[in-house]
Every structure is written in C-alpha cells, then in structure tokens.
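Commentary on secondary and tertiary structure
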Amino acid sequence: MLARRLEAHLDQDLTKKMVILSGPRQCGKTTLARERVRSLGGAYYSWDKHADRLTIQNRDLDHGAKLWAFDELHKYRKWRALLKELADTEGQRPILVTGSAKLELYGRGGDSLQGRYFPHHLHPLTYGEVYGVPFAELDQLALLPNAPPDVDMLPLLELGGFPEPLLSGSARSAARWRLAYAERVVREEVTSLEQVRDIDRMELLYDRLADLAGGVLSINALREDLEVAFDTVQSWVGILERLDTIFRISPFGPPRIKSIKKEQKVYHWDWARCTTPGARLENMVALHLLRAVDWAKDIEGKKLQLRYFRTRTGHEVDFILLRGNKPWIAIEVKTSENDLSPSLRYFSERLKPTLALQVVLNGARERRLENIGATEVRVASVARLLANLP
C-alpha cells in the first residue's frame, strides 16, 4: 500500500484533539484508521457492523484501548452528541472518526463540536503520492520548483486515483470495480443517509454526470433528460456532492469584464469515470487542485479557493486559484496544444495573477514566455504542475 502524505499530520493532531477524517468511499480512510489502531493498540468500531452498533449505542467501549477509531459514524443519528460526550469525558484518549461523506454538512444542527476536533480530508491517491515526489508547503507552488520524475503517468490518468483500481494495474479490473462502486454509492450510501424514493432515476443521474465533467452544470437540462422535477434533480445533485462523488466549482471575475457569476462546473472524485480523454485530464487536474485547497486549510491553516473564469464574450480559463480572495495562479489544461491560450492571456492582462500556467499532457515543451505585466507566463507539462501539489 502506498504511503499517504496525511499520515504524519493525523498522528500529530491525534495527540491534541479528536480528528474527523472525511472523504469518498474506498479512498483509504479505513486502512489509515486500522493502521493507527494496530500501531497504538486501539479499538476499531464500524457503524456498518451490527455488533459494533450495539457497542457504540450502549457506550460499552474498550477503556483499555489507547485509541478509539469510529468508521461511518455519521450514519448514527446521534453521532454528534456521542462525540461531544466522548470529547468532554475522554479528552486524553485519541479519537479518530472517519466517514464517506462531507461530515461537516451532515453534522449541521444539534450538538456543537466546535473546538473539539481537527478536520481532515482524504482524497484519492495523488500524483505526488503515487510517484514519490517530495512536498513541503504550498507557498512555493507558483515557482513550480519540483521537477516531475521520468515516469509514465498514463496508468494514473486511465485507472484513476482510488487505490483498488489503480493498484490492480488492469483496465478490466478497474472497470469492474467502477461498476460495483456506482451501485454501492447509489443503492447503499444514498439510502442509508437520505430519503430518495426513485433510486433508479437517481442512478441514471449518476451515470449521466459522467458525460458532463468540466462542463457547466444545467439542472434544467438534467430535469428534461430524467423527466423529473427541477427541485428533485437539484436535491439529488446535492446528495451526490455531500457523499463526495462529485464536486462543483464556481466562477470568478469582477463585473467590469462581464464574467459570468452563477454557472458552476461539475467534476468527479473519480476522474476515470469521465468519458473523453480531455475531460479525464481536466478532471484529474481539478481534483489535485481541490486537494491543494483542502491541504492548505487542514494542514497549513491557510485559505485558498478554487474557481474558474468565463466571460459572456467567450473567454474561459479552466482553473483559478485564489489566495486572499485575489487571483494567484491561472491554469489552462490542454491535451497537446503548446501555443498560449488567448483566454489565458486575456485573463492575465486584466486580473494580473502571479502565474499564468498552461499545462499540456502530450508533447509539452516547457518554457517561460514573455511576462504579461507582473504575471509570469509558462507552458509546462501536466506532470510539472502535479509534482508541485500535495
């Protein structure tokens, strides 16, 4: 099993407060939890197991264990009250909670856990984890100091970052895993947390979204495809987002340049679900950038935002990283084009990010171009960018 960059930070935070680790199903949370239980002499409880549910509800926990690890605890209606109770009465005992959902959303309302835990987000395996690229901190990202190793990144692009399909090394095994994963997410995760009557149509929505990666999400178009109410589709999309199967990126831009304000783009936590090579590449970059945003918040205590740029006149840049609410790095993703995107130039001239970066998968000739004002302009390989992300 590949080492995860989050491990050392989890161990440090567990000595101080309870840790809540969220992320998509089968991205490695249970493996991390069980490893901590094994190394510390702890006790592991899964809400998905009947015996463990009774143990948790009866508070019949192992008080001789040096760590308590709770998996999928958010499926317990009173999970927040339980954790508040344990944090207040077992403050010296490390407690790790994992869940395949955005636990901060499922935790709204009721007993407050504020100040009692550190949040962490586990993502699928990243380029740096798979190929062993060292990483220090995000402040150096605009310099792109790390050179990528001389490796073939196509397996990661084609198989996705989830451990089981990636480590299988087989396109056929990955495809079989992906079919089973879709069924488990919709028919097990959704039904255990949400009230959805028409699960068959929601499964159709999940499949339909695979064709839309990197595009503007139109709830109305999906409503027409699925022949259900607008509010129903909107609710289902929100559920899939809360379960970390998809994520959305909002637009950025001041009114003076006539940028769009509301239309969100949709991406998948499993980029290998995308149906075209270009969408798969863009989605892989999107998820690595989202990982950087979560890392900045969880590990470095800094705020980054991930947006995209589009004007009503047709200019579009795939990704904008904001730092201090200002454009920091503008990123355009291409499969093979080396000529600088006119939209990337347009954005740089008007909004002056620190770095305007065009990343290319095939045949990239890495080079610095003439600066646009104070903005450094570079063309680089996709691997160069990913090697500098956590």
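As shown above, the structure is provided for reference.
Now for a look at the structure at hand. (Residues numbered from 1 in each chain as written. Predicted model: local features only at pLDDT ≥ 70, side-chain atom pairs only at ≥ 80, totals over all residues. Heavy atoms only, no water.)

Glancing now at the packing of helix H9 (residues 171-193) against helix H10 (residues 199-208). For any two helices packed against each other, one specifies the inter-axial angle together with the distance between the axes. At a minimum axis distance of 10 Å, the contact between H9 and H10 shows a crossing angle of 135 degrees. In this view, H9 runs oblique relative to H10, as classed from their interaxial angle. Of the two possible hands of crossing, H9 and H10 adopt the one that is right-handed. Side by side, H9 and H10 meet where Tyr181, Ala182, Glu183, Val186, Arg187, Val190 and Thr191 of the first sit next to Ile199, Asp200, Met202, Glu203 and Tyr206 of the second. Of the residues belonging to the contact of H9 with H10, the class tally is seven nonpolar, one polar and four charged. (Axes fitted to C-alpha atoms, helices over the stretch in contact; angles between N-to-C directions. Helix = DSSP H or I, 4+ residues; strand = E, 2+ residues; numbered from the N terminus. Parallel < 35°, antiparallel > 145°, perpendicular 65-115°, else oblique. Left-handed = near helix turned anticlockwise from the far one by under 90°. Contact = heavy atoms within 4.5 Å. Nonpolar A, V, L, I, M, F, W, Y, C, P; charged D, E, K, R; others polar.)

Right, let's get into the pattern of salt bridges. All chains considered together, the criterion is met by 32 salt bridges. Among the ionic pairs, Asp139 bridges to Arg323, the shortest N-O distance being 3.8 Å. Of the two residues, Asp139 is situated in the loop between helix H6 (127-131) and helix H7 (154-159) and Arg323 in strand S9 (residues 316-323); the sequence distance between them amounts to 184 residues. Of the residues examined, Asp139 reaches a relative accessible area of 34% and is grouped as partly exposed. (Salt bridge = Lys/Arg side-chain N within 4 Å of Asp/Glu carboxyl O. Buried < 20%, exposed > 50% of the residue type's maximum accessible area, 1.4 Å probe, protein only.)

Turning next to the packing of aromatic side chains. All chains considered together, the criterion is met by 12 aromatic pairs. When the ring of Phe247 is compared with that of Trp269, the centres are 6.1 Å apart and the planes differ by 75 degrees; the resulting orientation is edge-to-face. Pair noted here: Phe247 is in strand S6 (residues 246-251) and Trp269 is in the loop between strand S7 (265-268) and helix H13 (277-298), with a separation of 22 residues, a long-range link. Exposure class is identical for Phe247 and Trp269. Each is buried. Ring geometry for Tyr267 versus Phe319: centroids 5.8 Å apart, planes at 45 degrees, classification tilted. Here Phe319 lies in strand S9 and Tyr267 lies in strand S7, a separation of 52 residues in the sequence. Owing to a relative accessible area of 0%, Tyr267 belongs among the buried residues under this scheme. Take Phe319: its relative accessible area is 0%, and that puts it in the buried class. Seen from the ring of Phe319, Lys265 lies directly overhead, with NZ or CZ sitting 5.8 Å from the centre. (Phe/Tyr/Trp six-rings, centres within 6.5 Å; stacked < 30°, edge-to-face > 60°. Lys NZ or Arg CZ within 6 Å of the ring centre and 35° of its normal.)

What follows covers the pairing of strand S1 (residues 18-22). Remark: a regular strand shows side chains that alternate across the two faces of the sheet. Burial runs high along S1: five of the five residues are buried. Pairing of S1 with strand S5 (residues 117-121), which is carried by five bridges, proceeds in the parallel orientation. Residue pairing for S5: Leu21 is matched across the bridge by His120. Bridge analysis of S1 against strand S4 (residues 95-99) gives four bridges, and the strand direction is parallel. The partner of Ile20 across the bridge, within S4, is Val97. (Pairing = 2+ DSSP bridges.)

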